[in-house]
Amino acid sequence: MRKIVIIFFSFILLLEGLNNQEPNFNKEKLKKKEKENESDSIKSPIPINVIFMLPLFFSYTDINNKRLSDQALSFYSGAKIAVDFLNPQQKINMKIFDTKNEKKRIINFIHSYNLSKIHAIIGPFFRSSLEELAINNKKIPIISPFISSDSLNSYPNIVQAEVKDIHLAEPILEEIKIGYKKKKIKTLYIFGEDPSKKIISFIQKKLLQWNLNFQVFHFKNDFSHTFIKKTPFFVIFLGENFSLGKKFIDFIKKFTNKKIIPFGIGYNNVYYKNISLLKEYKFLFTTKYHFNNDDENKRKMFFLLKKKLGSHLNKYQLLGFDLSYDILCRLIENKNLLKIIDKKNFSGLISKYQYEKISDQEGYINKGLWIIRLH
């Protein structure tokens, strides 16, 4: 079973983004927009039918499943608010199936339940269960909330909502390519552990593809005393490890000549504990999750969630809301989800959804991420 780790995020100001479309959480504006679009789905009395397949463990006896059950219940609670919020505009039937993380239960469900009127399935949580569902169901869109894996690419009806780690590197490499051409910088240091074991090879492959003659050095843990022969150079910090983040900051402080150009892949708390320092370098980092506290609509929606779910919202509640709201809005526009899912982008409370079809024979991946520059 793949372990899902809760990632804590900071309420920080978005200074640079990828996505042009922000969600409109105002009900009256949403009604007006739907009328203007004259959506056939809204005119139709046919409701939207969505199944949530979650490892809820309603009758679990193993205490080890409690953590997973809590995560699934949190995700469901956020999704339920999205459904309740949109139901006045379009009737939505939300059906829940407790997978208990058992493939046999999923197979039995597929063969015993009439799926002919289902417009989308959100879940299951895990790769093997998603594959089992896709093998036995090749038409209904399957939304993978947390797992993005190359092994899921080949299923044309699977939509991978979680951004792959390697995509977090792409905007930073574009910046490095510009620096290489303008400033003739040819040295790149990478600090920290590769969370997906694919980022380092992706970076090297991309630089080779661009025909950039770089020297690339990777230090996983002990880089605070790394001897740097010469400057200028680029440095990329990987990850969310707080103790390594402190070493990264100490490393930057060694270079007062500003010839070091630092970047970050993934959010780390140390960035905003050293904001004055990093602003001097116009530090840029990419992250999957971010709350734009400067957006009034998002603040209102966030406080509404807090009122309904309590003041201590967690990642799974927010992702449950974001993902469900996005998918349901797309289904309101067109009940054939796969016809429109890659036509527009969406920015939720903490997530972005920018879907791209991998190939004609394959499914969809999400490349929606936040690019944040401190200056």
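Figured I'd write up the structure that's included with this text. (Residues numbered from 1 in each chain as written. Predicted model: local features only at pLDDT ≥ 70, side-chain atom pairs only at ≥ 80, totals over all residues. Heavy atoms only, no water.)

### Remarks on the packing of helix α11 (residues 296–309) against helix α12 (residues 315–333)
Contact geometry for α11 and α12: axes closest at 12 Å, N-to-C directions at 120 degrees. Relative to α12, the element α11 lies oblique. For the pair α11 and α12, the crossing hand works out as right-handed. From α11, Met301, Phe302, Leu305 and Leu309 reach across to α12, where they touch Gln317, Leu318 and Phe321. (Axes fitted to C-alpha atoms, helices over the stretch in contact; angles between N-to-C directions. Helix = DSSP H or I, 4+ residues; strand = E, 2+ residues; numbered from the N terminus. Parallel < 35°, antiparallel > 145°, perpendicular 65-115°, else oblique. Left-handed = near helix turned anticlockwise from the far one by under 90°. Contact = heavy atoms within 4.5 Å.)

### A word on α11
With 14 residues, α11 should cover 20 Å at 1.5 Å per step; its first-to-last C-alpha distance of 20 Å lies within 8% of that length. Sitting at the head of α11, Asp295 places a side-chain oxygen 3.0 Å from the backbone nitrogen of Asn297. A positive phi of about 105 degrees marks Gly310, the residue just after α11. (Expected span 1.5 Å × (residues − 1). Polar contact = N/O pair within 3.5 Å; in protein donor to acceptor, adjacent residues only side chain to side chain.)

### What about the environment of Ile249?
The residue Ile249 is located in helix α8 (residues 242–253) in this model. Remark: the alpha-carbon pair of Ile249 and Pro262, spanning 13 residues in sequence, is separated by 9.9 Å. Other than its neighbours up to four places away in sequence, Ile249 contacts Val270, Asn274, Leu277 and Leu278.

### Some details on the pattern of salt bridges
In this structure the tally under the stated criterion is 13 salt bridges. Between Asp165 and Lys288 there is a salt bridge whose closest N-O contact spans 3.1 Å. With Asp165 in helix α6 (residues 165–183) and Lys288 in the loop between β12 (284–287) and β13 (291–292), this pair connects stretches of sequence that are 123 residues apart. Each member of the pair, Asp165 together with Lys288, is buried. The partner of Lys300 in a salt bridge is Glu296, and the shortest N-O contact between them spans 3.4 Å. (Salt bridge = Lys/Arg side-chain N within 4 Å of Asp/Glu carboxyl O. Buried < 20%, exposed > 50% of the residue type's maximum accessible area, 1.4 Å probe, protein only.)

### Concerning unusual backbone geometry
Residues Gly123 and Pro124 are joined by a peptide bond in cis, for which omega reads 0 degrees. Locating Pro124 in the fold gives a position in the loop between β5 (120–122) and α5 (127–136). You will see that Lys197, though not glycine, has its phi angle at about 65 degrees, which is positive. Structurally, Lys197 can be placed in the loop between β8 (187–191) and α7 (199–209). In this structure, Asn211 is a non-glycine residue whose phi angle is positive, near 60 degrees. Relative to the assigned elements, Asn211 resides in the loop between α7 and β9 (215–219).

### Topic: the environment of Leu130
Its place among the elements puts Leu130 in helix α5. Leu130 sits in the buried class, given a relative accessible area of 0%. Along the sequence, Leu130 and Ser144 sit 14 residues apart, while their C-alpha atoms lie 7.3 Å from each other. For Leu130, the residues in contact, after removing those within four places along its chain, are Gly123, Pro124, Ile142, Ser144, Ile147, Leu152 and Ile158.

### A word on the sheet that holds β5
Taken together, the seven strands give an open sheet; going across it, the order is β4-β3-β5-β6-β7-β17-β16, and neighbouring strands pair in mixed fashion. Edge strands, defined here as strands with exactly one partner in the open sheet, are β4 (92–98) and β16 (355–357). Looking at each pair of strands side by side, their axes are set apart by 25 degrees on average, direction ignored. In the sheet, strand β3 (residues 48–54) pairs with β4 via seven bridges, with the strands oriented parallel. Its bridge partner lying in β4, Ile48 is registered against Ile92. The strands that helix α4 (residues 103–112) touches are β3 and β4; relative to β4, the one it contacts most, it runs at about 140 degrees. (Pairing = 2+ DSSP bridges.)

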